[in-house]
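Survey of secondary and tertiary structure
Residues per chain are reported as follows:
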Amino acid sequence: KELDDPFVFLRPLGLRLGHPTTTLEPQVDGITPSLWPQDDEDTDSDSDSPRGTGSQALPGLGGGGGMRAGAGAVGGGGGFGGFLASMPPTPELLAKVAALPPATDTPHVDSATARAADPAFSLRTLLRPFRLALLLGLLLVSADTVAALALPALIRNGVDSGILAHSLSTILAVSAAALLVVLADTGINAFQYLVTGRTGERLLYALRVKVFAQLQRLGLDYYERELSGRIMTRMTTDVDALSTFLQTGLQQAIVSILSFVGIVVALFVIDWKLALIALSVLPPLLVATVVFRAKSSKAYTEAREKVSAVNADLQENVAGMRVTQAFRREDANAKRFAGLSDEFRVSRLRAQKYIATYFPFVQALADVAGLLVLAGGAARVHSGELTAGALIAYLLYIDMVFSPVQQLSQVFDGYQQAAVGLRRIGDLLRTAPSTPEPAHPEPVPRQLGDLVFDDVTFAYGPDARPALDGISVRIPAGQTVALVGQTGAGKSTFVKMVARFYDPTEGAVTAGGRDLRTFRLADWRHRLGVVPQEAYLFDGTVAEAIAYARPDAAPREIEAAARAVGAEQMIAGLPGGFRYRVSERGRNLSAGQRQLLALARAELADPDVLILDEATSALDLATEAAVTRAEQDRQARGTGPDGAGRARTTLVVAHRLTTAARADRILVLDGGRIVEDGTHAELVAAGGTYAELWQAFAAGHEPTVQEAAAVAG
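Residues numbered from 1 in each chain as written. Predicted model: local features only at pLDDT ≥ 70, side-chain atom pairs only at ≥ 80, totals over all residues. Heavy atoms only, no water.

Here we come to the overall build of the protein. Looking only at helices and strands, one finds 24 helices and 12 strands in the protein. By the burial criterion, 45% of the 713 residues in the protein qualify as buried. In the structure as shown, the protein presents an accessible area of about 34,500 Å², 60% of it carried by carbon and sulfur atoms. (Helix = DSSP H or I, 4+ residues; strand = E, 2+ residues; numbered from the N terminus. Buried < 20%, exposed > 50% of the residue type's maximum accessible area, 1.4 Å probe, protein only. Areas by Shrake-Rupley, 256 points an atom, 1.4 Å probe, with all protein chains shown as cover.)

Shown next, in the form of structure tokens:
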């Protein structure tokens with residue numbers, strides 16, 4: 001009789017987690033009050049978190065290549081998480097942030113446009129939506145330049161018409177005018193920084209949204225070939241370099257160019273002969289600038305690649321610290337990281353050597369030009385061809401004309417880094433997703449119908465052996481199908497085709513007679529539930545982890561999903577219950593606890609197609625049987641959240657054959673092909689590949705097989 005209760009095997013689950021069995025009080029409005037404490041702060045305690053190993057903790061799911069969160073099974077990509085995410089803010093920083101006034105400004109950026117795919121991305125397309133604000137900033141910069149150029153002219157007039165003419169009124173008038181120019185320029189500068197700063201932040205907000213949206217569009221193949229540290233560099237180092245240039249460097253570059261042009265014009269207006277003398281140093285300056293740009297550009301590109309390698313290695317080592325410490329690889333990894341860091345240091349020093357040569361050379365040319373003008377100008381003043389005021393103004397302009405050149409040289413450092421970052425961001429945004437959206441999407445039918453593989457072939461690369469080779473199979477709606485085979489047989493690839501993590505190289509996968517490639521990805525995946533072998537949990541509460549696919553789910557729905565997969569007792573043992581704070585990747589939970597939450601997450605999504613990729617391989621048989629019976633109970637009810645009848649198709653990737661034995665149907669894969677198809681009894685009786693696998697499994701797990709038979713009744 002107890003076997004008729006789908007949750008009977010979960011009653012002692014708390015004991016297996018290392019906690020005494022918790023007796024839960026009656027529910028109120030579908031929830032257990034003690035599991036939903038009303039305090040404002042989430043409970044988070046690593047020391048109190050239920051961990052365990054061996055028989056005292058629910059075992060986690062390790063090993064092999066399922067659809068892992070953050071990495072593909074085939075090709076071995078890295079995790080998606082960034083190493084900086086694990087670094088908590090300091091109390092001082094939190095206090096300073098809390099003391100800031102509330103931010104009420106809005107970016108006024110079209111989110112839909114920012115998130116849209118942009119294969120033709122360029123700096124021009126990035127700046128186009130902000131052209132009016134940029135034009136206003138340019139006008140303010142021009143006004144600032146005019147104010148700066150006006151001061152030497154006023155000084156000239158004050159010297160010639162005031163000091164030399166002994167006219168106090170002229171001196172006072174010129175001084176008053178200069179004061180007004182300075183005050184006006186101060187106001188212009190303040191408004192200019194406000195406009196350019198706000199425009200720069202709006203632009204970078206749009207860029208970050210665009211890059212993040214593109215990362216979400218890209219298929220698993222991109223993450224399997226790109227190191228996660230390099231991906232993080234796109235969102236951090238490259239965007240920050242572009243941010244620094246756009247907010248400060250670009251403005252300074254425009255001011256320098258306008259100042260240089262204005263000063264050259266003023267020099268020719270005052271005395272064209274002295275202007276020719278002053279500008280005689282420009283040819284060697286231009287040659288030096290061209291050489292500097294060519295060499296430094298290569299150095300900066302190399303430095304960007306080196307820092308990406310440093311970030312990638314750091315992220316990988318932080319993510320795999322447990323393995324590093326277990327195998328005593330600290331010294332070797334430290335040497336490797338030091339080597340990568342030294343390569344970055346060398347590349348940066350190479351760029352700094354170019355800077356150390358170029359900037360002093362520019363300063364030397366400026367000094368030479370000043371000496372030439374002073375010598376020629378003094379003679380012209382002595383002969384009466386030039387006034388003293390004009391010579392003073394000329395010398396001031398000479399000092400100013402090389403200042404913009406030096407500023408441009410300094411800006412060039414930031415420009416080179418921004419240019420490299422922009423190019424790499426552009427390469428990312430121009431990367432075509434391997435699972436593109438259809439040009440004319442069709443709606444996903446309410447009743448999905450049968451899943452059909454129609455002569456499907458797929459390879460992970462042009463030169464790779466096909467992971468699936470000519471697969472043709474029909475899976476009726478509502479059927480539970482187990483995929484069995486040796487490691488590398490194509491089981492995980494099979495379910496990835498269903499989830500459209502990849503598209504077939506040849507053939508098609510259809511649902512209800514329609515090719516999956518005709519559906520919008522979001523619409524199709526909304527009908528799926530995926531439980532990977534290695535459960536990935538995001539930072540948040542237990543309730544938020546379960547409601548990840550349905551953030552608007554009510555507490556009673558969240559608790560019902562947890563109860564359906566047998567996670568309620570485990571959650572009751574956590575401080576705060578559903579309010580317990582789960583750290584990044586669920587590190588303060590055991591692997592088995594993470595797996596139960598992943599099962600509850602899929603249950604709450606109530607999918608039409610449920611994919612279990614080795615989702616219960618490490619659970620004890622009683623717990624696995626309870627999860628299976630919960631699914632069978634749901635199938636018997638055949639209802640969705642709206643109460644409508646709906647059959648759920650379940651695909652189970654299983655290495656443990658006791659899991660496969662419970663399925664309605666078993667597909668045996670070998671070398672990317674289906675070699676057997678039938679029920680457990682039929683395949684054992686046939687004496688083929690599955691029978692051999694079962695005999696080998698039974699010989700090594702005789703007690704397990706007997707227990708499975710007892711559980712199955």
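This part takes up the nonpolar core. With 48 residues, the main nonpolar core has Val 542, Ile 546, Ile 558, Ile 571, Phe 578 and Tyr 690 as its most contacted residues. If you tally residues by element for this core, the top one is helix H19 (residues 591–605), at seven residues. Excluding its chain neighbours within four sequence positions, the residues that come into contact with Tyr 690 are Val 484, Leu 657, Ala 660, Ala 661, Ile 666, Val 668, Glu 676, His 680, Leu 683 and Val 684. In this structure, Leu 149, Ile 263, Tyr 358 and Leu 391 belong to the second largest nonpolar core, which totals 35 residues. (Core = buried A, V, L, I, M, F, W, Y, C linked by side-chain atoms within 4.5 Å. Contact = heavy atoms within 4.5 Å.)

With that out of the way, let us pick up the side chain of Ser 492. Its location among the elements puts Ser 492 in helix H14 (residues 491–499). Polar contacts involving the side chain of Ser 492 include one to the side chain of Asp 613, which spans 3.2 Å. (Polar contact = N/O pair within 3.5 Å; in protein donor to acceptor, adjacent residues only side chain to side chain.)

Turning our eyes to something else, we now look at the pairing of strand E1 (residues 451–458). Summarising burial for E1: six of the eight residues are buried, a large majority. Bridge count for E1 against strand E2 (residues 468–475) is five bridges, and the pairing is antiparallel. Bridging from a neighbouring strand, Phe 453 pairs with Val 473 of E2. Note: E1 against strand E4 (residues 506–511), five bridges, orientation antiparallel. Bridge assignment links Asp 454 to a residue of E4, and that residue is Ala 508. (Pairing = 2+ DSSP bridges.)

Here we take up the pattern of salt bridges. Evaluation of the coordinates by the stated rule reveals 24 salt bridges. A salt bridge links Arg 336 to Asp 313; the nearest nitrogen and oxygen atoms lie 2.8 Å apart. You can see Arg 336 sitting in helix H12 (residues 330–382) and its partner Asp 313 sitting in helix H10 (residues 282–319), a full 23 residues away along the chain. A salt bridge links Asp 677 to Arg 665; the shortest N-O distance between them is 2.7 Å. (Salt bridge = Lys/Arg side-chain N within 4 Å of Asp/Glu carboxyl O.)

Let us now look at unusual backbone geometry. A positive phi angle, near 50°, is found at Asp 455, a position not held by glycine. Assessed through its relative accessible area of 44%, Asp 455 is described here as partly exposed. Positive phi, close to 60°, is recorded for Arg 500, a residue that is not glycine. Locating Arg 500 in the fold gives a position in the loop between H14 and E4. Using a relative accessible area of 1% as the deciding quantity, one classes Arg 500 as buried.

Spatially, E2-E1-E4-E5 is the arrangement adopted by the four strands of the open sheet, whose pairing is antiparallel. A single partner strand is all that each edge strand has here, and the edge strands are E2 and strand E5 (514–515). Across the sheet, H14 lies against E1, E2 and E4, angled at about 120° from E1, the strand it touches most. (Axes fitted to C-alpha atoms, helices over the stretch in contact; angles between N-to-C directions.)

What the rule picks out here adds up to 13 aromatic pairs. With centroids separated by 5.4 Å and ring planes inclined at 90°, the aromatic side chains of Tyr 222 and Tyr 223 adopt a geometry described as edge-to-face. Tyr 223 gets classed as buried once you look at its relative accessible area, which sits at 11%. Measuring from ring centre to ring centre gives 6.4 Å for Phe 292 and Phe 359, while their planes differ by 45°; the resulting arrangement is tilted. With Phe 292 in helix H10 and Phe 359 in helix H12, the pair connects residues that are 67 residues apart, well separated along the chain. One aromatic cluster is present, formed by Phe 292, Tyr 358 and Phe 359 through successive ring pairs. (Phe/Tyr/Trp six-rings, centres within 6.5 Å; stacked < 30°, edge-to-face > 60°.)

Another aspect to go through is the side chain of Thr 196. Mapping Thr 196 onto the fold places it in helix H6 (residues 168–217). Looking at Thr 196, the relative accessible area reads 14%, which means it is buried. There is a polar contact of 2.8 Å between the side chain of Thr 196 and the backbone oxygen of Gln 192. Of note is the side chain of Thr 196, whose polar atom sits 3.4 Å from the backbone oxygen of Tyr 193. Among all residues touching Thr 196, those that are not within four sequence positions of it are Gly 137 and Gln 251.

Judged by pairing direction, the sheet is mixed, and its six strands sit side by side in the order E6-E9-E10-E3-E11-E12 without closing on themselves. The open sheet is flanked by strand E6 (528–531) and strand E12 (673–678), the only strands paired with a single partner. Within this sheet the neighbouring strands show an average axis-to-axis angle of 20°, counted without direction. Relative to strand E11 (residues 665–670), strand E3 (residues 480–485) runs parallel, the two being bridged by five bridges. Counted as the bridge partner of Leu 483 is Leu 667 from E11. Contacting E3, E6, strand E9 (609–613), strand E10 (649–653) and E11, H14 crosses the sheet at an angle of about 155° to E9.

Here we take up H14. Because each turn of an α-helix spans 3.6 residues, side chains separated by three or four positions in sequence point in the same direction. Burial runs high along H14: nine of the nine residues are buried. Buried within H14 we find Lys 491, Ser 492, Thr 493, Phe 494, Val 495, Lys 496, Met 497, Val 498 and Ala 499. Arg 500 sits one or two residues past H14 and shows a positive phi near 60°.

This part is about the confidence of the model for the protein. With 83% of its residues at a pLDDT of 70 or more, the protein has an overall mean of 79. The secondary structure element of the protein with the lowest average pLDDT is helix H1 (residues 13–16), at 35, and the one with the highest is E1, at 95. Within the model, pLDDT remains below 50 along residues 709–713, and this stretch shows six contacts once partners closer than five positions in the same chain are excluded. (pLDDT = per-residue confidence, 0-100.)

Taken together, the side chains of Ile 163, Leu 164, Leu 168, Ile 171 and Leu 172 present a nonpolar region at the surface, about 480 Å² in accessible area. Here the nonpolar patch takes three residues from H6, the largest share from any one element. Here Ile 171 shows up in helix H6. Among the residues examined, Ile 171 registers a relative accessible area of 30% and is labelled partly exposed. (Patch = residues over 30% accessible without salt bridge, like charges linked within 9 Å, V, L, I, M, F, W, Y side chains within 5 Å.)

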